[in-house]
Amino acid sequence: MQSIEFYRSEFISYLEKRVKAQEPRNLYEPITYILNLEGKRLRPVLVLMTAEIFGVDYKKALDAALSVEVFHNFSLVHDDIMDRAPLRRGKPSVHEKWNVNTGILSGDAMLIVAYQLFENYEDPMFRNLAKLFSKTALEVCEGQQYDMDFEEREDVTISEYLKMIEYKTAVLVAATLKMGAIVAEAPSDAQDAVYDFGLNLGIAFQIKDDFLDAFGDSETFGKQVGGDIIENKKTFLYLKALDLGTPEQKKELLDLYSIKPEDPSAKINSIKDIFTDTGAAKSTEAEIGHYTQKAFDSLKMLDISADKKAPLQEFGENLMRRKV
């Protein structure tokens, strides 16, 4: 097995060879722009790594890995338009650098390119990859719509929130791992186990992101601590506090979530106190542990040697140890 840095480097080299601006330039330049912005490339790395875990040269999985990365960045282009986000990875977002219409059209083209990349595989591999991709892409759209709907609703439940983060975040992580297994022609039960590993790890990752947004260290978190609180986002912490709090705590939390003060410091501190006092913070940490353990239990189901499981185990442990 190679290192994550090796797979990342090989993937970036392949991306640079395959993705180049062409005519009409106003369609393709935004695509090369967003794909060349600095990113961790974890999703394509997982495709390559999983293919090798199941005994196939990572090079066979490069087109599947590129498809995942193109799709992920397509979703970012359209998300930035919906959120009116001026920046992406510290650089102007596509619709800011060009315009909204260009962002929509270039994003549409990216989705088509993502599908086209599967044409480099023969049946039944092509069919299996495309089928998984279609299911995942639609679920990501459903997750985004749930997230948007929740902004207008006051009756969001914890189960609904978990479904939203599963679709919006976790299914793509799960699909990347399963794509590597499909390319390697791993048995169907192994494909399902590695998918479940990614799905549960993705859910744990998002809940931890909620937790770090409130309780992370501003020096290491990489963004403003309390950002979700400032925006009145209905995170797992918030929903759990409503579930566990006294009537007085619930009223205070709802009142605080109805305002956006110019200086949010007091609001952030008061809400963090509610998260702690209601037990929501501890409950959230327990939920992170629950989904992390579910992920590792799925990994145990894989009928491969311990040394082949080790990279996925290490990846999961590193992801959940993160403080950023």
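The model shown is predicted, which means the values in this text are computed figures rather than measured ones. The residue numbers shown here count from 1 along each chain, following its written sequence. Reporting in this predicted model follows two pLDDT cut-offs: at least 70 for local features of residues, and 80 or more for side-chain atom pairs to be given and counted; totals over whole chains, interfaces and linings ignore these cut-offs and use all residues. Derived side-chain values reflect all non-hydrogen atoms in the structure, with water molecules and hydrogen atoms excluded from consideration.

A.B. asks: Looking at this structure, I do not really get helix H4 (residues 62-83). What am I missing?
C.D. replies: End to end, H4 covers 31 Å across 22 residues, agreeing with the expected 32 Å (1.5 Å per residue, within 8%). By the criterion of burial, H4 is predominantly enclosed, with 20 of the 22 residues buried. Secondary structure follows DSSP: runs of H or I at least 4 residues long count as helices, runs of E at least 2 residues long count as strands, and numbering of each begins at the N terminus. Expected span, for any helix, means 1.5 Å times one less than how many residues it has. Relative accessibility decides the category of a residue: with a 1.4 Å probe and only protein chains considered, values under 20% of the type maximum give buried, values over 50% give exposed, and everything between is partly exposed.

A.B. asks: Can you help me understand the packing of aromatic side chains in this one?
C.D. replies: The geometry of an aromatic ring pair is captured by two quantities: the separation of the ring centres and the angle between the planes. Any two of the Phe, Tyr and Trp rings considered here, Trp counted by its six-membered ring, make a pair once their centres fall within 6.5 Å; the pair's planes then place it as stacked at under 30 degrees, edge-to-face at over 60, or tilted in between. Per the counting criterion, the structure on display carries twelve aromatic pairs. Each ring, one from phenylalanine 71 and one from phenylalanine 133, has its centre 5.3 Å from the other, and the planes form 75°; the classification is edge-to-face. Highlighted residues: phenylalanine 71 in helix H4 and phenylalanine 133 in helix H7 (residues 125-152), separated in sequence by 62 residues. There is no split in this pair, since phenylalanine 71 and phenylalanine 133 are both buried. Linked through ring pairs, Phe71, Phe74, Tyr115, Phe118 and Phe133 together constitute an aromatic cluster. Positioned above the aromatic ring of tryptophan 98, the side-chain terminus of lysine 97 is 5.5 Å from the ring centre. Here the basic side chain of lysine 267 rests over the ring of tyrosine 257, its NZ or CZ set 5.8 Å away from the ring centre. Two conditions define a charge located above a ring, namely a distance within 6 Å from the ring centre to NZ of Lys or CZ of Arg, and an angle within 35 degrees of the ring normal.

A.B. asks: It is not clear to me how the nonpolar core should be interpreted in this structure. Could you clarify?
C.D. replies: One broad rule of soluble globular proteins: the nonpolar side chains tend to lie buried together. Within this scheme, the nonpolar core is defined by two criteria: the residues are buried Ala, Val, Leu, Ile, Met, Phe, Trp, Tyr or Cys, and they are joined through side-chain atoms within 4.5 Å. Residues Leu253, Phe275 and Leu312 are the most contacted members of the largest nonpolar core, which totals 104 residues. Looking at this core, the element that brings in the most residues is helix H8 (residues 158-183), giving 17 residues. We call two residues in contact when some of their heavy atoms are within 4.5 Å. Setting aside chain neighbours within four positions, we find phenylalanine 275 in contact with Ala214, Phe215, Ile229, Leu237, Tyr238, Ala241, Leu253, Tyr257, Ala280 and Ala281.

A.B. asks: How should I be thinking about a negative patch on the surface in this particular structure?
C.D. replies: Side chains of Asp83, Asp149, Glu151 and Glu152 sit close together on the surface and give a patch of like negative charge. Considering every element that reaches the negative patch, the biggest residue donor is H7, with three residues. Tracing the backbone through its elements, the reader meets aspartate 83 in helix H4. On the basis of relative accessible area, aspartate 83 is assigned to the exposed category, the value being 53%. Patch membership requires over 30% relative accessible area and the absence of a salt bridge. Like charges are linked within 9 Å, and nonpolar side chains (Val, Leu, Ile, Met, Phe, Trp, Tyr) within 5 Å. Calculation of accessible area relied on Shrake-Rupley with a 1.4 Å probe; when residues are assessed, cover is drawn exclusively from the protein chains displayed. We define a salt bridge as a contact between a side-chain nitrogen of Lys or Arg and a carboxyl oxygen of Asp or Glu at a distance within 4 Å. Only four residue types enter the charge count: Lys and Arg as positive, Asp and Glu as negative, with His and the chain ends excluded. Where a charge lies is defined by one atom per residue type: Lys uses NZ, Arg uses CZ, Asp uses CG and Glu uses CD.

A.B. asks: Before we go on, may I ask you to explain the environment of leucine 111 in this structure?
C.D. replies: Looking at the element boundaries, leucine 111 is found in helix H6 (residues 100-116). Along the chain, leucine 111 and aspartate 123 lie twelve residues apart, while their C-alpha atoms are 21 Å from each other. Among all residues touching leucine 111, those that are not within four sequence positions of it are Phe71, Phe74 and Phe133.

A.B. asks: Is there a simple way to think about the pattern of salt bridges in this case?
C.D. replies: Close approach of charged atoms allows side chains of opposite charge to pair. On inspection of all chains with the given rule, the structure shows 16 salt bridges. Between glutamate 29 and arginine 25 there is a salt bridge, with its nearest N and O atoms 2.9 Å apart. Of the two residues, glutamate 29 and arginine 25 both sit in helix H2 (residues 25-35), four residues apart, roughly one turn of that helix. By relative accessible area, which is 27% here, glutamate 29 ends up partly exposed. Between arginine 127 and aspartate 123 there is a salt bridge whose closest N-O contact spans 3.7 Å. Owing to a relative accessible area of 51%, aspartate 123 belongs among the exposed residues under this scheme. When salt bridges that share partners are traced, they join Arg153, Asp155 and Glu160 into one network.

A.B. asks: Just checking my understanding: could you explain H7 for this structure?
C.D. replies: The terminal C-alpha atoms of H7 lie 42 Å apart, and with 28 residues this matches the ideal 40 Å at 1.5 Å per residue to within 8%. Listed in full, the buried residues belonging to H7 are Met125, Leu129, Ala130, Leu132, Phe133, Thr136, Ala137, Glu139, Val140, Gly143, Gln144 and Phe150. Check the buried side of H7 and you find it contacts H4, H6, H8 and helix H9 (188-215).

A.B. asks: Just to check I follow, could you spell out the packing of H4 against H8 for this structure?
C.D. replies: The axes of two packed helices give the description: the angle between them and the distance between them. Helix axes are fitted only over the stretch in contact, all axes being lines through C-alpha atoms; the angle between N-to-C directions runs from 0 to 180 degrees. Running from amino to carboxyl end, H4 crosses H8 at an angle of 160°, the nearest separation of the two axes being 10 Å. It follows from the interaxial angle that H4 and H8 lie roughly antiparallel. Note that H4 runs across H8; the crossing there is right-handed. Within the contact between the two elements, H4 uses Ala64, Val68, Phe71 and His72 and H8 uses Leu172, Thr176, Met179 and Val183. An angle counts as roughly parallel when it lies under 35 degrees, as roughly antiparallel when it exceeds 145, as roughly perpendicular when it falls between 65 and 115, and as oblique in every other case. Should the near helix be turned counterclockwise from the far one by less than a right angle, the crossing is left-handed, whereas a clockwise turn marks it as right-handed.

A.B. asks: Looking at this model, I keep getting lost on the side chain of aspartate 63. Mind explaining?
C.D. replies: Residue placement: aspartate 63 occurs in helix H4. Sequence-distant contacts of aspartate 63, that is, excluding residues within four places in its chain, are made with Tyr14, Arg18, Leu117, Asn120 and Tyr121.

A.B. asks: Any chance you could explain unusual backbone geometry here in plain terms?
C.D. replies: Glycine aside, the phi torsion of most residues is negative, and most peptide linkages are trans. For the bond from glutamate 23 to proline 24, the omega torsion is -5°, close enough to zero to count as cis. Tracing the backbone through its elements, the reader meets proline 24 in the loop between helix H1 (4-18) and H2. Cis geometry is adopted by the peptide bond preceding proline 124, which originates at aspartate 123 and carries an omega value of 5°. Here proline 124 is to be found in the loop between H6 and H7. Positioned with a positive phi, glutamate 185 is a non-glycine residue whose angle comes to about 55°. As for its placement among the helices and strands, glutamate 185 is situated in the loop between H8 and H9. Judged by its relative accessible area of 61%, glutamate 185 is exposed.

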